[in-house]
Amino acid sequence: MIRLFFEDNGSDHDDLVLEFPGGKLRCDSYYMAIAFDAIDENINHSRLRKALRSLLVQFSGVVEEAGDIDTLHLPFDLSDQYTGWIRCTFDRSHVQIDIGWSRLEGYAIDLKNIRRVVRDVSDFRAYADSAQFETNRSELVEAIQANITSLT
């Protein structure tokens, strides 16, 4: 369904991967490493995996707590001039998921507390080459939980 993981490619770029039905996006782990103190001269890959796990635990929490009619934005790609988001639009038993971006700068997002921003992404734009897909809340939570388990 949806999976976010770190893939050490030796470059510290294009090493964070978001897989979703019909696509895959690569982004840099740099801001995530900074946010979770996993960077000194080089990115500490072990701490970065723990940071990613912590972010996914937050994803699970906000998805489980979302209202029957609600929209959440889950951050996954933080860059200087934009951020990448997983938009989850809840409609009772269904969740519509879009992958896209916002002009919010990566350094402005506190990855240790995403609750502050999950409902405040007003300029979200879906990526043209990523198809929207639908699931239900329990399947989404299960996918996030499986993602968390894979990082332990």
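About the criteria used
- Residues numbered from 1 in each chain as written.
- Predicted model: local features only at pLDDT ≥ 70, side-chain atom pairs only at ≥ 80, totals over all residues.
- Heavy atoms only, no water.
- Buried < 20%, exposed > 50% of the residue type's maximum accessible area, 1.4 Å probe, protein only.
- Helix = DSSP H or I, 4+ residues; strand = E, 2+ residues; numbered from the N terminus.
- Pairing = 2+ DSSP bridges.
- Core = buried A, V, L, I, M, F, W, Y, C linked by side-chain atoms within 4.5 Å.
- Contact = heavy atoms within 4.5 Å.
- Polar contact = N/O pair within 3.5 Å; in protein donor to acceptor, adjacent residues only side chain to side chain.
- Axes fitted to C-alpha atoms, helices over the stretch in contact; angles between N-to-C directions.
- Parallel < 35°, antiparallel > 145°, perpendicular 65-115°, else oblique.
- Left-handed = near helix turned anticlockwise from the far one by under 90°.
- Nonpolar A, V, L, I, M, F, W, Y, C, P; charged D, E, K, R; others polar.

Draft legend 1. Structural detail: the pairing of strand β8 (residues 133-136). Only one face of β8 is covered, namely the one carrying Phe133 and Thr135; the face carrying Glu134 and Asn136 has none of its residues buried. As defined by bridge partners, strand β6 (residues 94-102) adjoins β8 across four bridges and the pair is classed as antiparallel. Its bridge partner being in β8, Gln96 is matched across the sheet by Glu134.

Draft legend 2. Quick look at the nonpolar core. Counting residues in hydrophobic clusters, the biggest one holds 46 residues, and the most contacted among them are Ile2, Leu4, Met32, Phe59, Ile86, Ile97 and Ile99. At eight residues, the largest contribution of residues to this core is made by helix α2 (residues 45-65). If near-sequence neighbours (up to four positions away) are discounted, Ile2 is found in contact with Leu18, Glu19, Phe20, Ile86, Ile97, Ile99, Phe133, Leu140, Ala143 and Asn147.

Draft legend 3. Spotlight on the environment of Asn9. With respect to the helices, strands and loops of the structure, Asn9 is situated in the loop between β1 (3-6) and β2 (16-20). What makes Asn9 partly exposed here is its relative accessible area of 37%. In contact with Asn9, other than residues within four places in its own chain, are Asp14 and Asp15. Here the side chain of Asn9 touches His13 through a polar contact of 2.8 Å, landing on its backbone oxygen.

Draft legend 4. Spotlight on the packing of α2 against helix α3 (residues 137-150). Orientation of α2 relative to α3, taken along the N-to-C sense of each, is 165 degrees, at an axis distance of 9 Å. Classified by the angle their axes make, α2 and α3 are roughly antiparallel. Seen from above, α2 lies across α3 with left-handed handedness. For the pair α2 and α3, contact is made by Arg53, Leu56, Val57, Phe59, Ser60, Val63 and Glu64 and by Arg137, Leu140, Val141, Ile144, Gln145, Asn147 and Ile148, respectively. Tallied by class, the residues present in the contact of α2 with α3 amount to eight nonpolar, three polar and three charged.

Draft legend 5. Representation of unusual backbone geometry within the structure. Although it is not a glycine, Asp14 adopts a positive phi angle of roughly 55 degrees. Structurally, Asp14 is set in the loop between β1 and β2. Relative accessible area serves as the criterion here: at 40%, Asp14 is assigned to the partly exposed category. Although it is not a glycine, Arg92 adopts a positive phi angle of roughly 55 degrees. In this structure, Arg92 sits in the loop between β5 (83-91) and β6.

Draft legend 6. Broad picture of the sheet that holds β2. Spatial strand order, β1-β2-β3: three strands in an open sheet with antiparallel pairing. Unpaired on one side and paired on the other, β1 and β3 (23-27) mark the two borders of the sheet. When the angles between neighbouring strand axes are averaged without regard to direction, this sheet yields 20 degrees. Strand direction decides the pairing type here: β2 and β3, joined by five bridges, are antiparallel. Across the sheet, the residue bridging to Phe20 is Gly23, located in β3.

Draft legend 7. Broad picture of the side chain of Ser79. Inspection of the secondary structure puts Ser79 in the loop between β4 (69-78) and β5. Beyond its immediate sequence surroundings of up to four residues, Ser79 is in contact with Tyr31, Glu105, Gly106 and Tyr107.

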